[in-house]
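# Inside the fold
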Amino acid sequence: MSVYSMTGYAGVQQSAPQSPAGPESRSTPVQRLGLEIRSVNSRFLDLSLRLPDELRQHEPALRELITRHIKRGKVEVRAAIDAGSASAVTEPSPRLLQRLNAVQDNVRAWLPDATPLSVADVIRLSSTESTQASDPGQDLLPLAERAVTALLEAREREGARLASMLMDRLGQLKQLGLRAVPLVPQLVAAQQARFLERWREAMALTDGTTLPEGAQDRALTEATAFAIRIDVAEELTRLNSHLDEIERLVNKGGEIGKRLDFLIQELHREANTLGSKSATLEMTRISVDMKVLIEQMREQVQNIE
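Residues numbered from 1 in each chain as written. Predicted model: local features only at pLDDT ≥ 70, side-chain atom pairs only at ≥ 80, totals over all residues. Heavy atoms only, no water.

## Topic: the pattern of salt bridges
Where side chains of opposite charge bring their charged atoms close, a pairing between them can arise. One pass over the structure, following the stated rule, counts 20 salt bridges. Among the salt bridges present, the one from E145 reaches R68, with a minimum N-O distance of 3.6 Å. Of this pair, E145 sits in helix α4 (residues 140–180) while R68 sits in helix α1 (residues 59–69), and the two are 77 residues apart along the sequence. One salt bridge connects E282 with R179, and the closest N-O pair in it is separated by 2.7 Å. Highlighted residues: E282 in helix α9 (residues 281–301) and R179 in helix α4, separated in sequence by 103 residues. Exposure remark for E282: the relative accessible area of 29% places this residue in the partly exposed category. Look at the salt bridges and you will find they share partners, linking E234, E235, R238 and E270 into a network. (Salt bridge = Lys/Arg side-chain N within 4 Å of Asp/Glu carboxyl O. Helix = DSSP H or I, 4+ residues; strand = E, 2+ residues; numbered from the N terminus. Buried < 20%, exposed > 50% of the residue type's maximum accessible area, 1.4 Å probe, protein only.)

If you want it as structure tokens, here you go:
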């Protein structure tokens, strides 16, 4: 499966001829339906729909369609209807004028004081009759399918870029880990030797007597305990384990964003411990370089679905 980003955009439009109202209509008006979908990162799915009144009845179906394909992200959907030529003046046919005149005569026969139809009234009625048979919502869901497909393609392209970046940072972190591994036994041995040497120097300054065997054992025990405290082998092992799991998830794809976020936190914790235990400049540099790479990964993982 692919890795999907939560960031993407898609915009589609469709021009659909409306159904003719009847033989009175001399032209077939056309209205354009447009749909835009934008998405950014979010912890959960946050869906916002902005539809014109003509499309409100289709909101539940549109919401169900989107949630079926998108699981995370702040998603904003906008739909708009452009009347196009339907907004132009429609010339009424002679047959329609005859009907309107007959209706007017019938009304005024019962209501003599009724106001006669004006030119504006005739144009409005002819325009209304020519468009009332059209339902702009009938094309909304097919158009939404196209928009969602385009959005997923955009999110997949962005996800591929993020996955490539993560794999590059993983490789760099593993190289830093390999540099740190040989330093661990050298660091422990050096600290033990340094601790015993200082202990002997301190005992020699007292009365010049030979260091008692019990004191030597105590010094060795304390030196060993100190060496254990600065031993970072366990942190390096856990760090490599987290790196392997992140690599496995990226190769697997799918909905991996939340698990990656958790693993990045664990990586940061191990790198911090590595730095706090560091007793050499080289190990400190490795820890700092690791934290820089992990922070770069954290920023990008926030965008993965």
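## Some thoughts on the nonpolar core
By size, the foremost hydrophobic cluster in this structure holds 32 residues, and its most contacted members are L166, L173, I246, L260, L267 and M290. Every element with two or more residues in this core is listed here: α4, α7 (233–252), α8 (257–277) and α9. Among the elements that line this core, the one with the most residues is α4, at 8 residues. Excluding its chain neighbours within four sequence positions, the residues that come into contact with L173 are L243, L267, M290, L293, I294 and M297. L33, V75, A144 and V148 belong to the second-largest nonpolar core, a separate cluster that totals 23 residues. (Core = buried A, V, L, I, M, F, W, Y, C linked by side-chain atoms within 4.5 Å. Contact = heavy atoms within 4.5 Å.)

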